[in-house]
Amino acid sequence: MFGLDKKHTNLLLLVAALTMLAPFILNPFPEGSGMAQFNAGYPDLMQRFVIFGIFAIGFNILFGLTGYLSFGHAAFLGVGSYAAMWMMKLLTMNVIPAIAVSIVVAGLFSLLVGWISLRRSGIYFSILTLAFAQMSYALAYSVLTPITGGETGLQPKLQDPRILDGALEAGASPRANLFGLEMTSSFEWSVGSWLFTFNVGYYVAAVAMLLSFYMAIRIFNSPFGMMLRAIKSNQQRMNYTGLNSKPYTLAAFVVSGMYAGLAGGLMVAMDTQVGAERMFWTASGEVVLMTILGGAGTLIGPVLGAGMIKYMENIMSKINETILHQWFAFLPDGIENLLVAMVYPFIGKGWHLTLGLIFMLVVIFLPGGLVEGGQRIARLFKRKKPSSDTPDGKTTPAE
Amino acid sequence: MSKTNLTRRGLIKTGAVAGAAGLTLPTYLRADGHSGFTNAPTGSTVTLGFNVPQSGPYADEGADELRAYELAVEHLNGGGDGGLMNTFSSKALQGNGILGKKVEYVTGDTQTKSDAARASARSMIEKDGAVMITGGSSSGVAVAVQALCQEAGVIFMAGLTHSNDTTGKDKKANGFRHFFNSYMSGAALAPILANNYGTERKAYHLTADYNWGYTTEEAVRNSTEAMGWETVAAVKTPLTQTDFSSYIAPVLQSGADVLVLNHYGGNMVNSLTNAVQFGLREKQVNGKNFEIVVPLYSRLMAKGAGANVKGIFGSTNWHWSLQDEGSKAFVQSFGTKYGFPPSQAAHTCYVQALLYADAVERAGSFNPCAVGEALSDFQFDGMGNGPTLYRGEDHQCFKDVLVVKGKENPTSEFDLLEIVEITPVSQVTYDASIFGGELGACNPGA
Amino acid sequence: MEAIILQILNGLDKGSAYALIALGLTLIFGTLGVVNFAHGALFMIGAFCAVTLSRLLQLSHTVIDDSQTDFLGNPLKVEVPYLYDIFGQSTGDAIIDWAVPISILFAIPVMIAIGVAMERGLIKHFYKRPHADQILVTFGLAIVLQEIIKYYYGANPIPTPAPDAFRGSFDFGAALGFDPNVIIYPYWRLVYFAFAALIIGGVFAFLQFTTFGMVVRAGMADRETVQLLGINIDKRFTLMFGLAAAVAGLAGVMYTPINSPNYHMGMDFLVLSFVVVVVGGMGSLPGAVLAGFLLGILESFASMREVLEFLPGLNQIIIYLVAIIILLTRPRGLMGRKGVMEE
């Protein structure tokens, strides 16, 4: 189906089912219960899961296949975001032109950066991409303030031209929409004490993610993908056989830059704001970590890694001391305070600490990332028929 | 489907009351089940969102803000000694929550990044049903979250944000700021500087290269030049700079005799430390003692710079050594609970929380439009800054501004600044139209 | 003219800090082939060694002073350091005043211990793993280390001044015959420069003139052959890691009076130090030092207002711009060896 073999069709269908049913899957706990804290099924976080999933899938096309480690991918995301925001300010609040332009602009920018940076390999390449991203960030934050808004970033304003849109009704503010369907509007369904939110923006982003994922599968299985893997395993030998590897790596770089641009455009479409921090080196580092954490070179890994990091950032950071005391309130005071004192450094404002520990544990014990963890569990259940096939078409994570 | 719907808590509670244990039919929220504004509290509690930096360089400032909010919640719910509720000129608050609903709160981490701050604020609105968002310690975050609250239809009570933009070119009808701004700092500082250092001074500005730096430099330049000072040079420094030696070394050569550091946070701590290290303050230029000025002070920054702040002028929104009834009450209640005096960030956040609660009481509704109306042109006293006006045109508070100076002989690690002058509000008031921007109409959301 | 001299001086000073941090990083890169993202954290821990020692020296007991009141109107509690009780107030003050230089003695064993523990406990298992894994694990470690520091010391910078004897600045201008007050430079920064030069020279001498250093250099060039010769190179590499950690830590200790240390100072330096190392060329110690000074001097020139008037924003990007230009004209940085970290 869709030009894929059975294994990959199943994987695609599984991912499609997971994203479409995410509002249920991510909200397993009833409202008002103590565990509701861990629900992630609200629009903002669901949107972030899929957007950063796209970003990581794209990054993985470059890093996972060719082995080129870019440390400046956040710049493409940021440039895409700025482009999308300007489309919304000048042309229309409809997200289609904004997203289209963000992909094109990020693609062009990554063509430029890639054309220069790919003259070098290894760590020299990484530092070149880092240098471009840091320059973009520094300039966007300071001297380019008239274009980028600098510190305060850009938001749609009432007085923006928006030449394709009609005048707003009095008191209304400009909102991102898809032919009138607003990204922020939701449809809610309560079942008993559960509440499920189906957000328009999320489904727009989720469809984009599925298309990106499908594209990634096609790239992974195409002759082009094989060529990229060949570059990773032994570029020298490839060059000796008379093949010029540069066009292939450059193409991979631009494709992954366009993925980043798409993610940037979607971020603006979901939440109409863009700031320069989006391009800081830590943001570039984050997508590297997402990819390795999930499992570089695998199809589903980067998406898992992105989900994991965003979940930590948004859910763990919100648990404060009061909530902890509520959790342990059934225990005697002394034990309650002791437990709170023991757990507190790792959650809430200490969420970074937990994140750091997880990075270390995963990379020490699961060299292939979360995907390897999944494979080990799967193997545990399949022990009866030991075979060489890897589940769900996940390729073994090569370095 | 053309309206935003962010109400969750409201619905689930009505849904639960309806009692149908099985499936209820899917409902479009717009059609029914809401009270005309986002996250209308329906049960016996109301949820506020405290969005402060808990990681990153401003984490300590965020921690102090959070302490203030927790204290405010305690007082609003009738606990503690009541704090500023006793001295506040409006007596609408009863100590029984807000409109009889017990105040609950959720917290989040802004990381001092606009993306993270918006993500955190959105989760408070979408997941936790917060009806008001407050906090933050930078203008980038304040402007970003304010725009979000405008779109989502909740009230934003800004925390520490000093840029003119927050209530200037980026002002929003749903956003309110109690903290002062760059313009006021400049206007308050200039006369004191002229009194102490004379009117024949040559100033050299080092300015943080982003919006807040620009507005602060402009404000200080304009107001000191009006006093007769000359600006020799203004050099922009990158936000990510940590060592300012190459910017400070040429200062003496330029013939300047005052150095103005338009820096905040880590930048300010480092640039001031470096400037003092160069021995600038022991030098004589043009027959005058060389001086350093820091337009915006905070106690945490003063603590970071240590002994280097001694004798250096700056401005601040509030300081715990103020002797009016409101300030004394707040210091007493905060100090008793936490063991040390509150910072200006804690003060502004506490006051913002109380002002919001009071406005809801007076409006009789949590509807952002009603609350906004109650806050606009609201005059009050007893909150530590003297008589204060929440101006309706730009939602900016107008009150006295403190000019402070680094203390020569501090008695404790919190006793770092002394008040030099309380500049009356009339000197720092400006016309609301000078910074541009459009307030727009209030947005109640759903 | 004066301005130029001043910025060269400044660049040398900045460059010495960069070179010192890059030196430690490149020792690990070059000898062990490990991308150590926790190197900035080691620098930060060094700085907090100074903070810790200065806190230890100031350990106090409280005395109630009825003549003064605190902010709540209670009698003031005055903190009296134990050192006062032992040595009397003036000697006690002098010891506290010299906390930063004293910390050097404290930091060396601590940092070597941390370095060796890190190598034996963690890094050792990552020699054969891909660089991406090394990045993830050391980055995770860096976060953990800095969060631990933040938990105990808070996020705010902690002032750690230099001894009073080093306050103020030296007037080069007057010494060289220019107008006074034109070319001045703080004493402590001059001390830092001399200290950095000493450490850099020491590391080079150690590698160049000792048998231990010779073996390590041989190991850097060809690890397998050295092992085939029956030399236990692993043990030496462990010690090299300890040495690199000590260099980073000392750079941190001496840096504390220049900028008040805070928990994220390591991250602030991390990217910069990688750029310095790579511009210098992978696997080359002299390259790292040279690149440190080069970038320090260029950064100083880019911050001159005469330059910024023509090219606003140049100070924001200079380091990266120079890095790009150098890497495009010299494929392996200034002095890089072929084949190191190029795959």
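Caption draft 1: Region of interest: the overall build of chain B. Within chain B one finds 13 helices and 17 strands. With respect to the three principal axes, the spread of C-alpha positions in chain B is 85 × 45 × 35 Å. Of all 446 residues assigned to chain B, the portion counted as buried reaches 68%.

Caption draft 2: Quick look at the overall build of chain C. When helices and strands are counted, chain C shows 15 helices and four strands. By the compact-globule yardstick of 20 Å for 343 residues, chain C fits well, its C-alpha radius of gyration being 22 Å. Principal axes of the C-alpha set define a box for chain C whose edges measure 75 × 50 × 35 Å. In chain C, which comprises 343 residues, the proportion classed as buried is 52%. Counting contacts in chain C only where the partners sit at least 6 residues apart, residues at least 24 apart contribute 74% of the total.

Caption draft 3: Looking closely at the packing of helix H1 (residues 2-32) of chain C against helix H13 (residues 285-302) of chain C. All names here are of chain C. H13 packs onto H1 with a crossing angle of 145 degrees between their chain directions and a minimal axis gap of 6 Å. Remark: the crossing between H1 and H13 carries right-handed chirality. Of the residues contributing to the contact of H1 with H13, the split by class is 14 nonpolar, nine polar and two charged.

Caption draft 4: Structural detail: the confidence of the model for chain B. Considering every residue of chain B, the mean pLDDT works out to 89; 92% of them sit at 70 or more. Contacts of residues 1-34 of chain B to residues separated by more than four positions or lying in other chains number 74 contacts, the stretch itself having pLDDT below 50.

Caption draft 5: Examining the sheet that holds strand S12 (residues 313-316) of chain B more closely. Residue and element names in this part refer to chain B. Strands sit in the order S7-S6-S8-S11-S12-S16-S17 across an open sheet of seven strands; the sheet is mixed. Every other strand in the sheet has two partners, leaving strand S7 (230-237) and strand S17 (417-423) as the edge strands with one partner each. Pairs of neighbouring strands in the sheet enclose a mean axial angle of 25 degrees, with direction left out of account. Looking at chain direction, strand S6 (residues 202-208) and S7 are connected through seven bridges and run parallel. Along S7, the bridge assignment pairs Ala208 with Thr237. On the sheet, helix H6 (residues 211-226) packs against S6, S7, strand S8 (258-262) and strand S11 (291-296) and is oriented at approximately 165 degrees with respect to S6.

Caption draft 6: Quick look at the pairing of strand S4 (residues 194-199) of chain A. All names here are of chain A. Only one face of S4 is covered, namely the one carrying Leu195, Thr197 and Asn199; the face carrying Trp194, Phe196 and Phe198 has none of its residues buried. The pairing of strand S3 (residues 186-191) with S4 spans six bridges and is antiparallel. Following the sheet pairing, Glu188 is matched in S4 by Thr197. Between S3 and the antiparallel strand that follows it, S4, lie two residues; Gly192 among them carries a positive phi value of about 60 degrees.

Caption draft 7: Molecular detail of unusual backbone geometry. Backbone geometry at Thr112 of chain B places phi at a positive 50 degrees, although glycine is not the residue there. Note that Thr112 of chain B resides in the loop between strand S2 (102-109) and helix H3 (114-126).

Caption draft 8: Layout of the sheet that holds strand S13 (residues 378-380) of chain B. Residues and elements named next belong to chain B. Read across the sheet, three strands follow the order S13-S14-S15 without closing on themselves; strand pairing throughout is antiparallel. Single-partner strands in this sheet number two, and they are S13 and strand S15 (397-398). As paired strands, S13 and strand S14 (residues 388-390) are joined by three bridges and run antiparallel to one another. Looking at the pairing, Phe378 lines up with Tyr390 of S14.

Caption draft 9: A look at the interface of chain A and chain B. Listed per partner, the contact involves 47 residues of chain A and 54 residues of chain B. Residue assignment for the side of chain A that touches chain B shows that the elements contributing at least two residues are helix H3 (43-66), helix H6 (122-141), strand S2 (181-182) and S3 of chain A. Of the residues forming the side of chain A that touches chain B, the biggest block, six residues, is contributed by S3 of chain A. A breakdown of the residues in the side of chain A that touches chain B according to their chemical character gives 12 nonpolar, 23 polar and 12 charged.

Caption draft 10: Quick peek at the domain arrangement of chain B. Residue and element names in this part refer to chain B. Under the domain assignment, chain B is made up of domain 1 (9-180 + 321-399) and domain 2 (183-316). For domain 1 versus domain 2, the distance between C-alpha centres works out to 34 Å. Residues of the side of domain 1 that touches domain 2, tallied by class, amount to four nonpolar, six polar and three charged.

Caption draft 11: Structural detail: the packing of H1 of chain C against helix H12 (residues 265-280) of chain C. All names here are of chain C. Interaxial distance between H1 and H12 falls to 9 Å at its minimum, and their mutual angle equals 70 degrees. One way to sum up the angle between H1 and H12 is to call them roughly perpendicular. Residue-level inspection shows Tyr18, Ile21, Ala22, Leu25, Thr26 and Phe29 of H1 in contact with H12, the latter providing Phe269, Leu272, Ser273, Val276, Val277 and Gly280. Of the residues contributing to the contact of H1 with H12, the split by class is nine nonpolar, three polar and no charged.

Caption draft 12: How the structure looks around the interface of chain B and chain C. Residue-level contacts link 40 residues of chain B with 40 residues of chain C. Of all elements in the fold, only helix H2 (59-76), S7, helix H7 (245-248), helix H8 (265-277), helix H9 (299-305) and helix H10 (325-338) of chain B reach the threshold of two or more residues within the side of chain B that touches chain C. A per-element tally of the side of chain B that touches chain C places H8 of chain B first, with five residues. Here the side of chain B that touches chain C is composed, by residue class, of 17 nonpolar, 16 polar and seven charged.

Caption draft 13: Quick peek at helix H6 (residues 131-153) of chain C. All names here are of chain C. The end-to-end C-alpha distance of H6, which contains 23 residues, comes to 32 Å, matching closely the 33 Å that a straight helix rising 1.5 Å per residue would cover. When you tally the buried positions in H6, you get 18 out of 23 residues, the bulk of the element. Among the residues trailing H6, Gly154 stands out with phi positive, at a value near 80 degrees.

Caption draft 14: Structural context of the pairing of S6 of chain B. All names here are of chain B. Among the seven residues that make up S6, six are buried, leaving the element largely enclosed by the rest of the structure. Each parallel crossover has a hand, and the one from S6 via H6 to S7 is right-handed. Bridge count between S6 and S8: five bridges; the pairing is parallel. Looking at the pairing, Leu206 lines up with Leu261 of S8.

Caption draft 15: Summary view of the environment of Leu402 of chain B. All names here are of chain B. By secondary structure assignment, the location of Leu402 is in strand S16 (residues 401-406). Note on Leu402: 24 C-beta atoms within 10 Å, which makes it buried. Sequence separation between Leu402 and Pro424 is 22 residues; the distance between their C-alpha atoms is 8.9 Å. When near neighbours in sequence (up to four residues on either side) are disregarded, Leu402 contacts Ser315, Thr316, Trp318, His319, Ile419 and Ile422.

Caption draft 16: Inspection of helix H4 (residues 73-90) of chain A at higher detail. In this model H4 of chain A runs 26 Å from its N-terminal to its C-terminal C-alpha over 18 residues, within 8% of the 26 Å that 1.5 Å per residue would give. With 17 of 18 residues buried, H4 of chain A is to be regarded as a mostly interior element.

Caption draft 17: Quick look at the environment of Gly82 of chain B. All names here are of chain B. Mapped onto the elements, Gly82 comes out in the loop between H2 and S2. Of the residues examined, Gly82 has 17 C-beta atoms within 10 Å and is grouped as partly exposed. Along the sequence, Gly82 and Tyr430 sit 348 residues apart, while their C-alpha atoms lie 34 Å from each other. In contact with Gly82, not counting residues within four places along its chain, are His75 and Gly95.

How each quantity is defined
- Residues numbered from 1 in each chain as written.
- Chains lettered and ligands numbered in written order.
- Predicted model: local features only at pLDDT ≥ 70, side-chain atom pairs only at ≥ 80, totals over all residues.
- Helix = DSSP H or I, 4+ residues; strand = E, 2+ residues; numbered from the N terminus.
- Buried ≥ 20, exposed ≤ 12 C-beta atoms within 10 Å, placed from the backbone.
- Rg over C-alpha atoms; globule rule 2.2 N^0.38 Å.
- Contact = placed C-beta atoms within 7 Å.
- Axes fitted to C-alpha atoms, helices over the stretch in contact; angles between N-to-C directions.
- Left-handed = near helix turned anticlockwise from the far one by under 90°.
- Nonpolar A, V, L, I, M, F, W, Y, C, P; charged D, E, K, R; others polar.
- pLDDT = per-residue confidence, 0-100.
- Pairing = 2+ DSSP bridges.
- Domains from an automatic or database assignment.
- Parallel < 35°, antiparallel > 145°, perpendicular 65-115°, else oblique.
- Expected span 1.5 Å × (residues − 1).
- Right-handed = clockwise from strand over helix to strand, strands pointing away.

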